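# Observations on the model geometry
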Amino acid sequence: MKTAALGFQHLLAMYTGAVLIPLIVGGALGLTSEQLTYLVAIDILMCGVATILQVLRTKWFGIGLPVVLGCTFTAIGPMIAIGGQYGVSGIYGSIIVSGLLVVVLARFFGSLVRFFPTVVTGTVVTVIGITLIPAAIKNMGGGEGAEDFGSGANLLLAFGTLLFIILLYRFASGFAKSIAIMLGLVAGTIVASFFGKVDFSAVGEANIFHMVEPFYFGMPTFHWSAILTMTLVAMVSVVESTGVYFAVSDMRDEKLDEKDLARGYRAEGLAIVLGGIFNAFPYTAFSQNVGLMNMTGVKSRKVILTTGVMLITLGFIPKIAAITTIIPTPVLGGAMLAMFGMVIAQGIKMLSPVIQNSAENSMIVACSVGMGLGVTAVPELFASLPEGVQILTSNGIVAGSLTAIVLNIVFHASPRRKSHAQNLETRKAS
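Residues numbered from 1 in each chain as written. Predicted model: local features only at pLDDT ≥ 70, side-chain atom pairs only at ≥ 80, totals over all residues. Heavy atoms only, no water.

Selection criterion: UniProt positions are given in the numbering used here, feature names are shortened, and annotations may be inferred rather than shown by experiment.
Per an unreviewed UniProt entry, the protein carries the name Xanthine permease and comes from Salimicrobium halophilum. The Sequence similarities (unreviewed entry) comment attached to the protein in UniProt states, word for word, "Belongs to the nucleobase:cation symporter-2 (NCS2) (TC 2.A.40) family." Its UniProt record gives the protein the following Subcellular location (unreviewed entry) comment, quoted word for word: "Cell membrane".

So, in structure tokens, the structure goes:
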């Protein structure tokens, strides 16, 4: 009973992130309520599958640590951009190929991680948060194209939800604070029901049980620019997961070697492939569950396996998934502003020490964040380029990420820079 309760706590800690992403992406792609219900349900199920793949330790895959996997926020912008350019089939074709690349190249990723130091990953996280804020603001007004956009009722619900979340962060503690966004969504939806803004028809129409279906949205299609974009997303996700692996291994006093990391990367790649086949999402290790382990002091693999089983069970019950789809758009927007703002704060926290230590890092961050924000605000800047290239250049997250990777190589990976660094070390030693 205690294990089940602890596993349920981990489910609650990651649940908001798990359901928000399909709601955001599905809404942007114009999915019907039935399709959106499926997307949420299959994502919950695949979070469970991905978690179990990672917790188990076999000869070929699994880091063997108590980590929870969920869909990565890094994929939101690129998926929406790919869907707009090539349709839903293009999204899942690129996810499948990117996952296969992670599986095949897992043993080499340990050396590739050096191209993603903190200055790069921190910049990527910051750009992700910044470029997603406009989507949150649009939802706070009622959603793009809504007849009552910016109405008093919409603004009241949006800012009321945001205020509730802020108050929880200010006055709550422990587990209640860690699920403040989920509680804000629940409270906002309850208030919205009194405004007549909650439609329960999707819950009534949803089945109690369903079987998952591969290629639910149709057979995948493959486009090189979309594949390159999603491969970049997968690389950033691998770097995020690597930090979680080391954090959890330190908590458990376990040492990780290259073979352990390769099994972890291989499991993550396999989860991404399965996500593409069943029309879900790319997956990465969730850091919020590491925080929960720190808080409870329980670092058991058995507890996380229980969480994975619970997620899979919920994924077969579309009625539960349908409940999340009734959240009114303004309420969702208020929570999104808090969540995406926290993403920006996390990025700034990561970047703060590396900027202080290096003027070159400041330039990397300045140009990369500037490019990411600029392209988001003015996507037509590269309108004269070929369409295949535009999907890379017209997406702020991808443009900012590529800029950070290239500039990091220019400033820190060139032979001249290495020679200069070695000379400095020699002088210090003497």
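There's more to say after this.
### Digging into helix H11 (residues 224-251)
Stated formally: Helix numbering and strand numbering both begin at the N terminus, where a helix is a DSSP run of H or I of at least 4 residues and a strand a DSSP run of E of at least 2. Working rule for helices: expected span equals 1.5 Å times residues minus one. Relative accessibility under 20% of the residue-type maximum defines a buried residue, over 50% an exposed one, and the middle range a partly exposed one, all with a 1.4 Å probe and only protein chains included.
Taking 1.5 Å as the rise per residue, H11 with 28 residues should run 40 Å; its terminal C-alpha atoms sit 41 Å apart, in good agreement. Within H11, 21 of the 28 residues are buried, leaving the element largely enclosed by the surrounding structure. Where H11 terminates, the next one or two residues include Asp253, which has phi positive at roughly 55°.

### Structural notes on the pattern of salt bridges
We count it as follows: Between Lys or Arg on one side and Asp or Glu on the other, a salt bridge is scored when a side-chain nitrogen of the former is within 4 Å of a carboxyl oxygen of the latter.
For the coordinates displayed, the defined rule picks out four salt bridges. Note that Lys197 and Asp148 form a salt bridge whose closest N and O atoms lie 3.1 Å from each other. With Lys197 in the loop between helix H9 (180-194) and helix H10 (201-205) and Asp148 in the loop between helix H6 (118-140) and helix H7 (152-171), the pair connects residues that are 49 residues apart, well separated along the chain. Owing to a relative accessible area of 31%, Asp148 belongs among the partly exposed residues under this scheme. One salt bridge connects Arg252 with Glu254, and the closest N-O pair in it is separated by 2.8 Å. Since its relative accessible area comes to 25%, Arg252 is described here as partly exposed. Through salt bridges with shared partners, a single network forms among Arg57, Arg252 and Glu254.

### Here we look at the packing of helix H2 (residues 33-55) against helix H14 (residues 301-315)
Heads up, the rule is: Lines fitted to C-alpha atoms define the axes, with helix axes restricted to the stretch in contact, and inter-axis angles between N-to-C directions lie between 0 and 180 degrees. Each angle gets one of four labels, with under 35 degrees taken as roughly parallel, over 145 as roughly antiparallel, 65 to 115 as roughly perpendicular, and the rest as oblique. Two helices cross in a left-handed way if the nearer one is turned anticlockwise from the farther one by less than a right angle. They cross in a right-handed way if the turn is clockwise. Two residues qualify as a contact provided that any one of their heavy atoms is within 4.5 Å of a heavy atom in the partner residue. Polar here means any residue other than Ala, Val, Leu, Ile, Met, Phe, Trp, Tyr, Cys and Pro, which are nonpolar, and Asp, Glu, Lys and Arg, which are charged; Gly is therefore polar.
As a packed pair, H2 and H14 sit with axes 7 Å apart at the nearest point and diverge in direction by 155°. Between H2 and H14, the crossing angle belongs to the class labelled roughly antiparallel. Two packed elements cross with a definite hand, and for H2 against H14 that hand is left-handed. From H2, Ala41, Ile44, Leu45, Cys47, Gly48, Val49, Thr51, Ile52 and Val55 reach across to H14, where they touch Arg301, Ile304, Leu305, Gly308, Val309, Leu311, Ile312, Leu314 and Gly315. Its residues assigned to classes, the contact of H2 with H14 shows 13 nonpolar, four polar and one charged.

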